[in-house]
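If you want the building blocks of each chain, they are given just below.
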Amino acid sequence: MLALLLLHGNQLVPQERIIRLLWSQPPLSARANLRSQLSQLRHDLDEAVPGLSNRITVQRSARGGGGGGIRMAIDEREVDLLEVERLVTAAQLNVKQRDSVTESLFQCHRAANLWRGDFGVDLPDTDWFRAKSAAMAELRCVMAETLHTAELTTGHYHHALVGLNTAIAEYPYRDRLWLLLVGGYFLAGQPTKALDSMRSCRSKYREVGLDAPSVLVQLHRPMLDDDRAAVKAILQIL
């Protein structure tokens, strides 16, 4: 319930919606369970920080009508996940601007430092939490892509290549990561490793019956022609 209220911070979440989000098949006792869990949550919050439960307000529904729900007041910067989302969104915008790439690096590193383990561990296996977990996995990929794009843009090739190899080990079928790895090796003056990485990508995709990403194939000719400008354009870096 705490995770749900934090991710809906400052919003009045109807009790019926909370029940649907917490249980795939709500038990008959769902409403009673909700009251019990809310009471326990208030106790736990106050035990952690006296008065913290005051952040939670309950709006009672009108007799015979709707409108009731629960709200938790937050500053979004207090919630790591929401702060990561804010930082990555800002970094994506900054990486497209030459004067803001350094700021993008800082934002990505800050976001990465806030990320501790996978999202969703020990949370209910409901449709909403599964969808949120998938969205967070996507956010983590985007964070890595943005960080390594900024690193390549600023010439931090070693850091980018180490990070890209680590990211690809975790997400082996992410086109953008492979593109940055191959292009990064070329820009770092390691064309042999660039071609080796391209072959590794083709082999990895072939294992699951897929062709290599078409955008990756576009790198082959510019690399053979030693055309750094063309490679940077394909990588979408300044």
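The structure under discussion appears in the preceding block.
Just so you know, these numbers come straight off a predicted model, no measurement behind them.

Enquirer: Can you lay out the sheet that holds strand β1 (residues 13–14) for me, pointing to particular residues and giving the numbers?
Expert: Within a sheet, neighbouring strands are paired by backbone hydrogen bonds and run either parallel or antiparallel to one another. With antiparallel pairing, 3 strands are arranged side by side in an open sheet as β1-β3-β2. Either end of the sheet is taken by a strand with one partner, and the two such strands are β1 and β2 (56–59). By the bridge criterion, 2 bridges tie β1 to strand β3 (residues 69–72) in an arrangement that is antiparallel. Paired with Pro14 across the bridge in β3 is Gly69.

Enquirer: Before we move on, could you go through the side chain of Gln107 and cite the residues and values that matter?
Expert: Structurally, Gln107 is set in helix α5 (residues 101–114). Engagement of the side chain of Gln107 in a polar contact is seen with the side chain of Asn94, the distance being 2.9 Å. The residues touching Gln107, leaving out its near neighbours within four places in the chain, are Leu87, Ala90, Ala91 and Asn94.

Enquirer: Would you mind going over helix α7 (residues 157–170) in detail, with residue names and values included?
Expert: Residue pairs spaced three or four apart in an α-helix point in one direction, given the helix's 3.6 residues per turn. Over its 14 residues, α7 runs 20 Å from end to end, which matches the ideal 20 Å to within 8%, given 1.5 Å per residue. All buried positions along α7 are accounted for by Tyr157, Ala160, Leu161, Gly163, Leu164, Ala167 and Ile168. In this fold, the buried residues of α7 make contact with α6 (127–153), α8 (175–187) and α12 (228–235).

Enquirer: Describe the nonpolar core, naming the residues involved and giving the relevant values.
Expert: Membership of the largest hydrophobic core comes to 34 residues, with the highest contact counts inside it found for Leu4, Leu5, Ile18, Leu22, Ile56 and Val84. Those elements giving two or more residues to this core turn out to be α1 (2–7), α2 (15–22), α3 (30–48), β3, α4 (80–94), α5 and α6. The element best represented in this core is α6, accounting for 6 residues. Excluding anything up to four places from it in sequence, Leu22 contacts Met1, Leu4, Leu34, Gln37, Pro124, Thr126 and Phe129.

Enquirer: Just give me the short version of the pattern of salt bridges, but keep the residues and values in it.
Expert: Inspection of every chain in the model, using the stated rule, returns 14 salt bridges. With a closest N to O distance of 3.8 Å, Lys204 and Glu207 form a salt bridge. A relative accessible area of 56% means that Glu207 is categorised as exposed. In the salt-bridge network here, residues are joined through shared partners; they are Arg77, Glu83 and Arg86.

Enquirer: Outline the pairing of β3, supporting the account with residue identities and numerical values.
Expert: Pairing of β2 with β3 involves 4 bridges; the strand directions are antiparallel. By the bridge assignment, Gln59 is partnered in β3 with Gly69.

Enquirer: Give a detailed account of a nonpolar patch on the surface, specifying residues and quantitative values.
Expert: Together, Tyr173, Val208 and Leu210 line one region of the surface with nonpolar side chains, adding up to about 260 Å² of accessible area. Structurally, the position occupied by Val208 is in the loop between α9 (191–206) and α10 (214–217). The class for Val208 is partly exposed, based on a relative accessible area of 44%.

Enquirer: Go over the state of the cysteines with me, naming the residues and quoting the values.
Expert: Enumeration over the complete set of coordinates arrives at 0 disulfides. Free of any disulfide, Cys108 has its nearest cysteine sulfur in Cys141, 13 Å distant. Here Cys201 stays free of any disulfide, with the sulfur of Cys141 as its closest cysteine sulfur at 15 Å. With relative accessibility at 0%, the residue Cys201 sits in the buried group.

About the cut-offs
Residues numbered from 1 in each chain as written. Predicted model: local features only at pLDDT ≥ 70, side-chain atom pairs only at ≥ 80, totals over all residues. Heavy atoms only, no water. Pairing = 2+ DSSP bridges. Helix = DSSP H or I, 4+ residues; strand = E, 2+ residues; numbered from the N terminus. Polar contact = N/O pair within 3.5 Å; in protein donor to acceptor, adjacent residues only side chain to side chain. Contact = heavy atoms within 4.5 Å. Expected span 1.5 Å × (residues − 1). Buried < 20%, exposed > 50% of the residue type's maximum accessible area, 1.4 Å probe, protein only. Core = buried A, V, L, I, M, F, W, Y, C linked by side-chain atoms within 4.5 Å. Salt bridge = Lys/Arg side-chain N within 4 Å of Asp/Glu carboxyl O. Patch = residues over 30% accessible without salt bridge, like charges linked within 9 Å, V, L, I, M, F, W, Y side chains within 5 Å. Areas by Shrake-Rupley, 256 points an atom, 1.4 Å probe, with all protein chains shown as cover. Disulfide = S-S within 2.5 Å.

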